[in-house]
Amino acid sequence: MSNWTSLIPARIRSALYVGFGVLSLAQSSILAYSAAVQSPAPVWAVGGGAVLGVIGAAFGFVAAGNTDTTVRTVNLDASLLDERIKEVQAEYEGKHVAE
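All figures in this text were calculated on a predicted structure; none of them were measured in a lab. (Residues numbered from 1 in each chain as written. Predicted model: local features only at pLDDT ≥ 70, side-chain atom pairs only at ≥ 80, totals over all residues. Heavy atoms only, no water.)

1. Re the overall build of the chain
Of regular secondary structure, the chain possesses 3 helices and 0 strands. Ordering the α and β elements of the chain from the N terminus gives α-α-α. For the chain, with 99 residues in total, the buried portion stands at 9%. Contacts in the chain between residues far apart in sequence, at least 24 positions, make up 57% of those at least 6 positions apart. Split by element, the accessible area of the chain, about 8100 Å² in all, is 67% carbon and sulfur. (Helix = DSSP H or I, 4+ residues; strand = E, 2+ residues; numbered from the N terminus. Buried < 20%, exposed > 50% of the residue type's maximum accessible area, 1.4 Å probe, protein only. Contact = heavy atoms within 4.5 Å. Areas by Shrake-Rupley, 256 points an atom, 1.4 Å probe, with all protein chains shown as cover.)

Structure follows, in structure tokens:
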């Protein structure tokens, strides 16, 4: 197996990423609220931030391992593009003249 991240099915990874995002948003919102109202931040929220930071690194590596980095070349046929441009110009000129 060339990529260890393929051991985790895509649906599970997706659910984990969403769950991590929701937890991170909730935790950072609690800390921001505490700072805004100038009250001490809950100890569990500060500790949770440390845990989420470590988990975030692992998720980042998993996401990076699942990123397709192959380079693809696309050959465009310029004559087809030129034809389409002429069609659009003709449509515009026809509508413009009709007005």
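2. Examining the side chain of Q27
Structurally, Q27 is set in helix 1 (residues 10-36). Looking at Q27, its side chain comes within polar contact range of the main-chain oxygen of A45, at 2.7 Å. Setting aside residues up to four positions removed in sequence, Q27 forms contacts with A45, G48, G49 and L52. (Polar contact = N/O pair within 3.5 Å; in protein donor to acceptor, adjacent residues only side chain to side chain.)

3. Remarks on unusual backbone geometry
In the Ramachandran plot, Q38 falls in the positive-phi region, its phi being about 55° despite a non-glycine side chain. Relative to the elements of secondary structure, Q38 occurs in the loop between helix 1 and helix 2 (43-65).

4. A closer look at the pattern of salt bridges
Tallied over the full model, the rule gives 1 salt bridge. E87 is the salt-bridge partner of R84, the closest N and O atoms lying 3.2 Å from each other. Separated by 3 residues within a single helix, R84 and E87 lie in helix 3 (residues 78-98), roughly one turn from each other. (Salt bridge = Lys/Arg side-chain N within 4 Å of Asp/Glu carboxyl O.)

5. Observations concerning the confidence of the model for the chain
Looking at the chain as a whole, the pLDDT averages 80, with 85% of positions reaching at least 70. Within the chain, the element-level pLDDT minimum falls on helix 3, averaging 78, and the maximum on helix 1, averaging 86. (pLDDT = per-residue confidence, 0-100.)

6. With respect to the packing of helix 1 against helix 2
Their axes nearest at 10 Å, the elements helix 1 and helix 2 cross at an angle of 150°. Both helix 1 and helix 2 take part in a crossing whose hand is left-handed. Only W44, A45, V46, G48, G49, L52, I55, G56, F59, V62 and A63 of helix 2 make contact with helix 1, whose side of the interface consists of R13, L16, Y17, F20, L23, S24, Q27, I30 and L31. Considered class by class, the residues forming the contact of helix 1 with helix 2 number 14 nonpolar, 5 polar and 1 charged. (Axes fitted to C-alpha atoms, helices over the stretch in contact; angles between N-to-C directions. Left-handed = near helix turned anticlockwise from the far one by under 90°. Nonpolar A, V, L, I, M, F, W, Y, C, P; charged D, E, K, R; others polar.)

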